[in-house]
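# Fold and geometry: a report
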Amino acid sequence: MTPLGRRLVAIITLGLALLVVAILTLRALGVPIAVGPLASPTPVPLPSATPEPSAAASLSIEDALAAIEADVADLRDLPPADIGTPRIVSRDELADLLAERADDDYPPEEVAADNVLYHALGLLAPDQDIGELTLQLLSGQVLGYYNPETGEMVVVTEEGLTPELETIYAHEYTHALQDGAFDIEAMATDGSDRSFAELGLVEGDATTVMTLWAVENLSIEEILEIGQTPLPDTAGIPAWMIRQLEFPYLVGTEFVTQLFASGSFAAVDEAWADPPLTTEQVIHYGAYVDDEQPTQPPGSSPVSGTGFEVVLDTTFGEAMTAIWLAALGVPQGDADAAAAGWGGDAITALTSADGEMALVLRTAWDSPVDAEEFVAAYEVALERLDLFGHLERVSDTEVVIRQGTSEAFVESFAGPLD
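Per chain, residue numbering runs from 1 following the sequence as it is written. Residue-level local features of this predicted model are given only where pLDDT is at least 70; pairs of side-chain atoms are given and counted only at 80 or more, and the full residue set underlies all totals for whole chains, interfaces and linings. Side-chain metrics in this entry use all non-hydrogen atoms of the structure; hydrogen atoms and water are not considered.

## Observations concerning the overall build of the protein chain
Numbering of helices and strands starts at the N terminus; helices are DSSP runs of H or I of at least 4 residues and strands are runs of E of at least 2. Along the protein chain, the regular secondary structure elements total 16 helices and eight strands. For the protein chain, with 418 residues in total, the buried portion stands at 56%. The contact definition used throughout considers only heavy atoms, calling two residues in contact when any of these lie within 4.5 Å. Sequence separation of at least 24 residues holds for 77% of the intrachain contacts in the protein chain that already meet a minimum separation of 6. Only the protein chains shown count as cover for residues, and all accessible areas are computed by the Shrake-Rupley method using a 1.4 Å probe. If you sum the accessible surface of the protein chain, you get close to 16,800 Å²; carbon and sulfur atoms cover 51% of it. Relative accessibility under 20% of the residue-type maximum defines a buried residue, over 50% an exposed one, and the middle range a partly exposed one, all with a 1.4 Å probe and only protein chains included.

Spelled out as structure tokens, the structure:
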């Protein structure tokens, strides 16, 4: 659904590295804590012994990373990936690399379409551009990436070999193993909820491996050293974008944790053959196990009329519904609850020649109660929204929202609205 979630160049933020630090520290102290944010998680089985300090300090960076590759391939039980020598860059060099490849990773036509959608959702201020914000966010947050198109591995360090670099490399090399065994490039990249869900499997798998590797190979002192790294500057970045960036790591890791607990990495391999279809299946593990399919939303044609252009037609999904409602002022717990009854949807973004922007969000809910929870949350959000919004109850379980920069524009494709 998102410019962050759709890109299959693997990333990990420092904030998530610190999350792993907290997990590893608590586990080392004997506290039973799971990897992930859900209410009733299943913890990943971790070794109980505290490892000796890493021997990597006596190796060159290249030799240390090669040793990590061997460890990770053995831990993940996948064939080694021939990726050549990893590229070590500074933070400034990474920003230059991301800027150079920005148009390839996030083409201008996609940026334009997403700008219409996110402005119509009320997630961007009039002067904000989703492409510029994305580049700013990634330049400050990315600690490494694997490019499945070229097989190139890039990791960031300005201090040579550090526990942070080792941990991040374990994560990123897992992506290279995934690509060799399962073909990352074959997964959905169309910006849909499905592509966001599949990214949860990709990043959840790599974060689980990273966590297990760190527990087995780093000392408590080295783990705490990672925790001393300053947080990146996110000034000017909307909070919803950060939450969107974190979703595949946090919730994806909880999803993979439950797969792992049900049958080690063999169960994770099976999920690669049958990846989650929706973010609902990633958030609610039972929905994946039960193969819960998305419901067709109401209406066969969301818009009709002239004087506008449809720039995007995709699915929104449970994860983005919760993120959206919370960004519009609904308390996070209420937003999550309102999105939890998601059954299916379709979202269409439209624009006019004079710069008007709007969307149609057609939703289906699991029950009348779930539909009512969503309606109540949207009504709270609408009070804070500097856009025109109209909600229609199509049935007990179906709701259509039409929202845009003006009532006149929305009526131009929706007809007179009561």
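## Concerning the sheet that holds strand S7 (residues 388–395)
The pairing of strands in a sheet comes from backbone hydrogen bonds and takes either a parallel or an antiparallel form. For two strands to be treated as a pair, DSSP must find at least two bridges joining them. In spatial order, the strands read S4-S5-S6-S8-S7; together these five strands make up an open sheet with antiparallel pairing. Each having just a single partner strand, strand S4 (309–314) and S7 make up the two edges of the open sheet. On average, adjacent strands in this sheet sit at an angle of 15° to one another, irrespective of strand direction. Examined bridge by bridge, S7 and strand S8 (residues 398–404) share seven bridges and lie antiparallel to one another. Here the axes come from fitting lines to C-alpha atoms, over the contacting stretch only for helices, and the angles between their N-to-C directions go from 0 to 180 degrees.

## Here's the deal with the pattern of salt bridges
The working definition used for a salt bridge is a side-chain nitrogen of Lys or Arg within 4 Å of a carboxyl oxygen of Asp or Glu. Applying the stated criterion to the full structure yields seven salt bridges. Between Arg194 and Glu198 there is a salt bridge; the shortest N-O distance is 3.4 Å. With Arg194 and Glu198 both in helix H8 (residues 193–217) and four residues apart, this pair spans about one turn of that helix. For Arg194, a relative accessible area of 40% translates into the label partly exposed.

## A few points about the pairing of S8
A regular strand places its side chains so that they alternate between the two faces of the sheet. Most of S8 sits inside the fold, with six of its seven residues counted as buried. Where strand S6 (residues 357–365) and S8 come together, seven bridges link them in antiparallel fashion. Bridging across to S8, Ala358 finds its partner in Gly404.

## What about the nonpolar core?
By size, the foremost hydrophobic cluster in this structure holds 99 residues, and its most contacted members are Leu121, Tyr173 and Trp324. Among the elements that take part in this core, helix H10 (residues 239–273) stands out by supplying 13 residues, more than any other. Once you skip the residues sitting within four places of it in the chain, Tyr173 turns out to touch Glu69, Val72, Ala73, Pro80, Ala81, Ile83 and Met153. Among the buried residues, those of types Ala, Val, Leu, Ile, Met, Phe, Trp, Tyr and Cys that are joined through side-chain atoms within 4.5 Å form a nonpolar core. Counting 11 residues, the second largest nonpolar core, distinct from the first, contains Phe308, Val360, Phe409 and Phe413.

## So, helix H14 (residues 332–339)
Of the positions making up H14, those classed as buried are Ala335, Ala338 and Ala339. Here the buried residues of H14 occupy an arc of 95° about the axis, which is enough to place them on one side. Buried residues along H14 sit against helix H13 (317–327), strand S5 (342–351), S6 and helix H15 (368–384). Think of the arc as the fan of directions from the helix axis to the C-beta atoms.

## Some thoughts on the environment of Gly343
Tracing the chain through its elements places Gly343 in strand S5. For the pair Gly343 and Thr295, spaced 48 residues apart in the sequence, the C-alpha separation amounts to 5.3 Å.

Distances and angles like these do not, on their own, reveal function.
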